[in-house]
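Each chain, letter by letter, is given below.
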Amino acid sequence: MTDQNDDVLADIAAAVAGTDRRYERIANFAWPKGVQMAVNFTADFDAMLLRRLLNEPPMQLAKGEFGGRVGIWRLIELFDSQQVKATIFTPGRICELYPRAVRAAAASGHEIADHMWEHRVPDDPALEADHLRRATAALERTSGRRPVGTRSWHRHEALVREGYIYNSHGSADHLPHYEYDKDGKNCLLNLPFHYAIDDAMFYSFAWLGSGNAAQRITDTDRVMDLWWQAFQQQYAQGGYLNICMHPFVSGRALRIAALEKLIQRMKTFPGVWFPTCADVARHCLQAFPAGRATA
Ligand SMILES: [Zn+2]
């Protein structure tokens, strides 16, 4: 007689072993001279695409639309006024819906990075490659620069082929680290984030089609308190913080005001760096290249 738990634990053990094979921590990680900690402000410019994909009702689509019409502009204005260089992860289709916002963000020196063609990755490798090519071309055409980063489920092979140098996905570590694909051939730097530092986890009702019991509208003081604590803890360790926002969530006026205070507070600490994700990635790749053969 087999215990069902044995099967579950065997699956977990296999997953852990898989991650062990694929994961490479950077030993003796350090920031450039004079930098104690890097903070990446990242915004996933989903607008209506994610809501549409989840087949959500019209009110939810309208919520996404606010992100494209108002939220993104407020975030750009906030980052510009605070001299913060942010990274905007943008689905290719957004270049058709809100090209002016994408152009304005790029003109301000913010990084425009990939967030899939239509916020999903097809199973078929040929179709996946086609989606990635379309998204990359759309972002390059609209922003004037070829994207080098992504926040997506795309396979490493497809990303490396298109010249991507990093992904910002998952939370296997709290520092930048390397991840190999299943057969160990392709390697990408990963800039991790965590749902505890993600606006949608605190401010978004009906997130991912959640039921009434799972609604969450947290006050800004509480959220800024949590993020401030995360910042202080990472600062003490010379660590890294990737703050994940969505223009339709954080673009609300009261949340922009709270973010402004948070950034100003972070700036009172010496040696805090507010670069784009691409800047962080280039530092890591240059100072701490991946240690295994990737041929
Ligand atoms: Zn998204």
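Residues numbered from 1 in each chain as written. Predicted model: local features only at pLDDT ≥ 70, side-chain atom pairs only at ≥ 80, totals over all residues.

## Overview of helix α1 (residues 4-22)
So, step 1. Helix length check: α1, at 19 residues, gives a terminal C-alpha distance of 28 Å against a target of 27 Å (1.5 Å per residue), a fit within 8%.
So, step 2. By the criterion of burial, α1 is predominantly exposed, with just 0 of the 19 residues buried. (Helix = DSSP H or I, 4+ residues; strand = E, 2+ residues; numbered from the N terminus. Expected span 1.5 Å × (residues − 1). Buried ≥ 20, exposed ≤ 12 C-beta atoms within 10 Å, placed from the backbone.)

## Description of the pairing of strand β9 (residues 240-245)
So, step 1. The buried fraction of β9 amounts to 6 of the 6 residues, a majority that puts the element mostly inside the structure.
So, step 2. Every second residue of β9 is oriented toward a common face, with Y240, N242 and C244 on one face and L241, I243 and M245 on the other, all of them buried.
So, step 3. Bridging between strand β2 (residues 37-44) and β9 involves 6 bridges; their strand directions are parallel. Among the inter-strand pairings, T42 is bridged to a residue of β9, identified as C244. (Pairing = 2+ DSSP bridges.)

## Observations concerning unusual backbone geometry
So, step 1. Positive phi is not limited to glycine here, since M116 has a value of about 75°.
So, step 2. Structurally, M116 is set in the loop between β4 (111-114) and α6 (125-143).
So, step 3. Phi at H119 takes a positive value of approximately 65°, unusual for a residue other than glycine.
So, step 4. Of note, H119 is situated in the loop between β4 and α6.

## Looking at the UniProt feature "domain: NodB homology" (unreviewed entry) in the chain
So, step 1. Annotation from UniProt places "domain: NodB homology" (unreviewed entry) at residues 73-150.
So, step 2. The span residues 73-150 is 53% helical and 13% strand by assignment, and the distance between its end C-alpha atoms comes to 21 Å. (UniProt positions renumbered as here; feature names shortened; annotations may be inferred.)

## A closer look at the nonpolar core
So, step 1. In this structure, I88, I243 and A281 are the most contacted members of the largest nonpolar core, which totals 63 residues.
So, step 2. Every residue in contact with I243, bar those within four places of it in the chain, is listed here: V39, N40, F41, T42, I197 and W227. (Core = buried A, V, L, I, M, F, W, Y, C linked by C-beta atoms within 7 Å. Contact = placed C-beta atoms within 7 Å.)

## Let's talk about the packing of helix α9 (residues 220-237) against helix α11 (residues 253-266)
So, step 1. Close contact between α9 and α11 brings their axes to 10 Å; oriented N to C, the two are set at 25°. Considered as vectors, α9 and α11 are oriented roughly parallel to each other. Crossing hand, α9 versus α11: right-handed. Residues T220, M224, W227, W228 and F231 of α9 form the contact with α11, whose own contacting residues are L254, R255, A258, K261, L262, R265 and M266. (Axes fitted to C-alpha atoms, helices over the stretch in contact; angles between N-to-C directions. Parallel < 35°, antiparallel > 145°, perpendicular 65-115°, else oblique. Left-handed = near helix turned anticlockwise from the far one by under 90°.)

## Looking at helix α5 (residues 99-107)
Quick reminder: α-helices carry 3.6 residues per turn. Residues three or four places apart thus point the same way.
So, step 1. Among all positions of α5, only A101, V102 and A105 are buried. Along the long axis of α5, the arc covered by the buried residues comes to 100°, so they all point the same way. Counted as exposed and oriented over 90 degrees from the buried face of α5: R100 and A107. (Arc of directions from axis to C-beta.)

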